[in-house]
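Structure assessment
Each chain is listed here by its residues.
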Amino acid sequence: MGERTVNIGLSLGADICWPICYESLLEGLKLDFEHGDDRLRFHCERVTIEPFNLQQPVKYDVVIDRLTHWYSTSREWIKKAIVLNDLYVYNNPWSLQSNEKHTSYCAMMRLGLPVPETWLLPPKAYDATDDLEATLRQYARMFSLEEIGAKIGYPFFMKPYHGGGWKGVTKIDDLAGFQKAYDASGTEVMNLQAAALPYDWFVRCIGLGPQLRKVNYDPSAALHDRYRMDIGFLPPEDASVLEDMTLTINAFFGWDFNSCEALARHGVWHPIDFANACPDSQVTSLHYHFPWLIKANLRWSIFCAATGRKMRRNLDWEPFYAVADRDLEPRERLREYARIAHDRFETERFRDFCRTRLGHLDALAYDFFGSERMRNAIHQKVSALFPAHEVEEFTELFWHRIQLWREQEGARGDQDGF
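Now for a look at the structure at hand. For clarity, every value in this text was computed on a predicted model and none was experimentally measured.

Let us look at the overall build of the chain. From N to C terminus, the chain includes 16 helices and 13 strands. When its C-alpha atoms are laid out on the principal axes, the chain stretches across 70 × 50 × 50 Å. When each of the 418 residues of the chain is scored for burial, the buried share is 51%. Sequence-distant contacts in the chain: of pairs separated by 6 or more residues, those separated by 24 or more amount to 74%.

Written as structure tokens, this is what we have:
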């Protein structure tokens, strides 16, 4: 039997808190076990940014990527490593680059999910190019904001067709507000989306592999209070719908790690924003839910690296389309999509791996999230974001919320593997 070191790379930007926690827990796990013909040990390091020969080897088995959605050098290194070196990365960089909010709306409409009525609006202004004037003169058609607003119905939301972080999102209540927001949108191409208001629930369902976390979300609150700390707040069938919807979206687009927003209104869950394939991972916003994220990240990355999980370079949407074209009730159709997703995420194989190889993670995490090292990681992140006079106050706030997680969830661990 041979010995092999499994290498996990962290491709990071301004991340502070979660890499500290991830690295500390991975080290504390002291993983050393047999898989196939090898005895595996694990090593983790942060990926650097530097010139590279396209044919140079890649040492990593898995890379957790937090850069390719905006940083081109790292994106191109990762794409080369997948094509030439069989690297496993989450998320699929081609999908992340090409499938923005607009495409994700279209795809899920095609699958029959109840996405609210959505329009694409040409930009208010343009960057000058040689052929722009001739193109617009021949083919651009005048349109009426008044007519479009009347067709969608007020209120609705205007938001960029790509991007995230609530940047450029405006609630439009009337024609005057529509005109003002459009005039201010500049060169951005905008989506207009009917509002599912008033809603009963606004939930973010976070998916990491087949692991799911449903979070009650309050978009009107300050950033540190948007993720509510309710647990078990949804009836079982509502929770099941959100889980199946999130698995479907993530498997469809090849996103191992993605956050799906949905609104419940009159008993129907409307997915409204689900191209978030670099989800918020900071303790300053996730707080109570932060330990779940770290544990989920560890489990999925270790599983992918240890088992040699293969990257799905081609997304292969046809199995989903085949289900969409069958004469099925909406809920049964969603279940069929989720079955495809579970197969692609190898859910049962992953669950067995977690039970047999990572059963000691729960106890280790419970201790770590009550440690001084955890408190210091919070302090570092808060110091980077908050004014000096608020650092101690918010460090304590987030620390106490994580202690609440330890009391309510951490002490009992995750049942049945994850």
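Quick look at helix H14 (residues 361-368) now. When we look at burial in H14, the residues that qualify are Leu-361, Asp-362, Ala-365 and Phe-368. Along the axis of H14, the buried residues cluster in a sector spanning 130°; they form a single face. Turned more than 90 degrees off the buried face of H14, the exposed positions are Ala-363 and Asp-367. On its buried face, H14 is in contact with helix H1 (17-29), helix H10 (290-307) and helix H15 (372-385).

What follows is about the packing of aromatic side chains. Tallied over the entire structure, the rule returns 32 aromatic pairs. Consider the rings of Trp-70 and Tyr-71, whose centres lie 5.4 Å apart with planes at 70°: the pair is edge-to-face. Take Trp-70: its relative accessible area is 54%, and that puts it in the exposed class. Since its relative accessible area comes to 28%, Tyr-71 is described here as partly exposed.

Membership of the largest hydrophobic core comes to 114 residues, with the highest contact counts inside it found for Phe-42, Met-108, Phe-290, Ile-302, Phe-369 and Met-374. No other element matches the 12 residues that H10 contributes to this core. If you look at the next biggest cluster of nonpolar residues, it comprises 13 residues, including Leu-145, Phe-156, Ala-181 and Leu-192.

A few words on a nonpolar patch on the surface. A surface patch of nonpolar side chains, amounting to about 290 Å² of accessible area, comprises Leu-54, Val-83 and Leu-84. Take Val-83: it is sitting in helix H2 (residues 72-85).

One can describe the packing of helix H4 (residues 101-110) onto helix H8 (residues 236-253) by two numbers: an axis separation of 11 Å at closest approach and a directional angle of 115°. Between H4 and H8 lies a crossing of right-handed hand. Facing H4, whose interface residues are Thr-103, Ser-104, Ala-107 and Met-108, H8 presents Ile-249, Phe-252 and Phe-253. In the contact of H4 with H8, the residues fall into 5 nonpolar, 2 polar and no charged.

For the rest of this paragraph, the subject is the pairing of strand S10 (residues 201-208). Most of S10 sits out of view: 7 of its 8 residues are buried. Sheet topology note: the S10/strand S12 (residues 257-265) ladder contains 8 bridges and is antiparallel. For Trp-201, the partnering residue across the bridge sits in S12 and is Ala-264. Of the strand pairs in this sheet, S10 and strand S11 (residues 211-216) are connected by 6 bridges, and their pairing is antiparallel. Residue pairing in the sheet places Leu-208 in a bridge with Gln-211 of S11. Hairpin geometry of S10 and S11 is characterised by an intervening segment of 2 residues between the two adjacent antiparallel strands and by a positive phi of about 60° at Gly-209.

Looking at where Lys-159 falls in the secondary structure, it is placed in strand S7 (residues 156-160). Here Lys-159 is buried and forms no salt bridge, its nearest opposite-charge partner Asp-273 lying at an N-O distance of 5.0 Å. Within the local environment of Lys-159, its side chain forms a polar contact with the backbone oxygen of Ile-272, the two atoms lying 3.1 Å apart. Once you skip the residues sitting within four places of it in the chain, Lys-159 turns out to touch Tyr-105, Gly-168, Val-169, Val-189, Met-190, Asn-191, Gln-193 and Ile-272.

Let's shift gears to the packing of H1 against H10. It is the contact of H1 with H10, at a shortest axis distance of 10 Å, that shows an interaxial angle of 55°. Classified by the angle between their axes, H1 and H10 sit oblique to one another. Crossing angle aside, the handedness with which H1 passes H10 is right-handed. Seen from H1, the contacting residues are Cys-17, Trp-18, Cys-21, Tyr-22, Leu-25, Leu-26 and Leu-29; seen from H10, they are Phe-290, Ile-294, Asn-297, Leu-298, Ser-301 and Ile-302. Looking at side-chain class alone, the contact of H1 with H10 contains 11 nonpolar, 2 polar and no charged residues.

A separate point is the sheet that holds strand S2 (residues 32-35). Pairing in this open sheet of 5 strands is mixed, and the strands run S2-S3-S1-S4-S5 from one edge to the other. Edge positions in the open sheet fall to S2 and strand S5 (88-90), since each of these has one partner strand only. Strand-to-strand twist across the sheet, computed as the mean angle between neighbouring axes with direction ignored, equals 30°. When strand S1 (residues 2-11) meets strand S3 (residues 38-46), the two strands line up parallel, connected through 9 bridges. From the neighbouring strand, Gly-9 faces S3, where its bridge partner is Glu-45. On top of the sheet, H1 reaches S1, S3 and strand S4 (62-65); it is set at about 155° to S3, its chief contact. Contacting S1, S4 and S5, H2 runs over the sheet at an angle of about 155° to S4.

What follows concerns the sheet that holds S12. Strand order in the open sheet formed by 4 strands is S11-S10-S12-S13, with antiparallel pairing between adjacent strands. The open sheet is flanked by S11 and strand S13 (268-273), the only strands paired with a single partner. For this sheet, the mean angle separating the axes of adjacent strands, direction not counted, is 30°.

Now for the pattern of salt bridges. Counted by the stated rule, this structure contains 39 salt bridges. Arg-344 is the salt-bridge partner of Asp-316, the closest N and O atoms lying 3.6 Å from each other. Of this pair, Asp-316 sits in the loop between H10 and helix H11 (318-324) while Arg-344 sits in helix H12 (residues 330-345), and the two are 28 residues apart along the sequence. The salt bridge involving Arg-339 is made with Glu-332; its shortest N-O contact spans 3.3 Å. The class of Glu-332 is partly exposed, set by a relative accessible area of 27%. A cluster of three or more residues bridged by salt bridges with shared partners is formed by Glu-3, Asp-32, Glu-34, Arg-39 and Arg-41.

Scoring rules and cut-offs
The residue numbering used here restarts from 1 in each chain and proceeds along that chain's sequence as written. Given that this is a predicted model, residues contribute local features only at a pLDDT of at least 70 and side-chain atom pairs are listed and counted only at 80 or more, while totals for whole chains, interfaces and linings are drawn from all residues. Computation of side-chain values: all heavy atoms of the structure, hydrogens and water removed. Each helix is a run of H or I in the DSSP string that is no shorter than four residues. Each strand is a run of E no shorter than two, and both are numbered from the N terminus. For the exposure calls, accessible area comes from a 1.4 Å probe over protein chains only, and a residue counts as buried if that area is under 20% of its type's maximum, exposed if over 50%, partly exposed in between. The contact criterion used is simple: two residues touch if any of their non-hydrogen atoms lie within 4.5 Å. As used here, the arc is the angular range of directions from the helix axis to the C-beta atoms. What counts as a ring pair is set by centres within 6.5 Å for rings of Phe, Tyr and Trp (its six-membered ring), and what kind of pair is set by the plane angle: stacked under 30 degrees, edge-to-face over 60, tilted for all other angles. Grouping buried Ala, Val, Leu, Ile, Met, Phe, Trp, Tyr and Cys residues that are joined through side-chain atoms within 4.5 Å yields what is termed a nonpolar core. A patch is a set of surface residues, each over 30% in relative accessible area and not in a salt bridge, joined within 9 Å for like charges and within 5 Å for the nonpolar side chains Val, Leu, Ile, Met, Phe, Trp and Tyr. Areas reported here follow the Shrake-Rupley algorithm with a probe of radius 1.4 Å; residue values treat only the protein chains shown as occluding. Whenever Lys or Arg places a side-chain nitrogen within 4 Å of a carboxyl oxygen from Asp or Glu, that contact is recorded as a salt bridge. What counts as an axis is a line fitted to C-alpha atoms, over the stretch in contact for a helix, and the angles between N-to-C directions run from 0 to 180 degrees. The sense of a crossing depends on the near helix, which, turned anticlockwise from the far helix by less than a right angle, makes the crossing left-handed and, turned clockwise, makes it right-handed. Each residue receives one of three labels: charged for Asp, Glu, Lys and Arg, nonpolar for Ala, Val, Leu, Ile, Met, Phe, Trp, Tyr, Cys and Pro, and polar for the others, Gly being one of them. For two strands to be treated as a pair, DSSP must find no fewer than two bridges joining them. Positive charges come from Lys and Arg alone, negative charges from Asp and Glu alone, with His and the N- and C-terminal ends not counted. Any pair of nitrogen or oxygen atoms within 3.5 Å is treated as a polar contact; in protein, a donor-acceptor pairing is required on top of that, and neighbouring residues in sequence qualify only through side-chain atoms on both sides. Small angles under 35 degrees read as roughly parallel and large ones over 145 as roughly antiparallel, with 65 to 115 read as roughly perpendicular and the rest as oblique.

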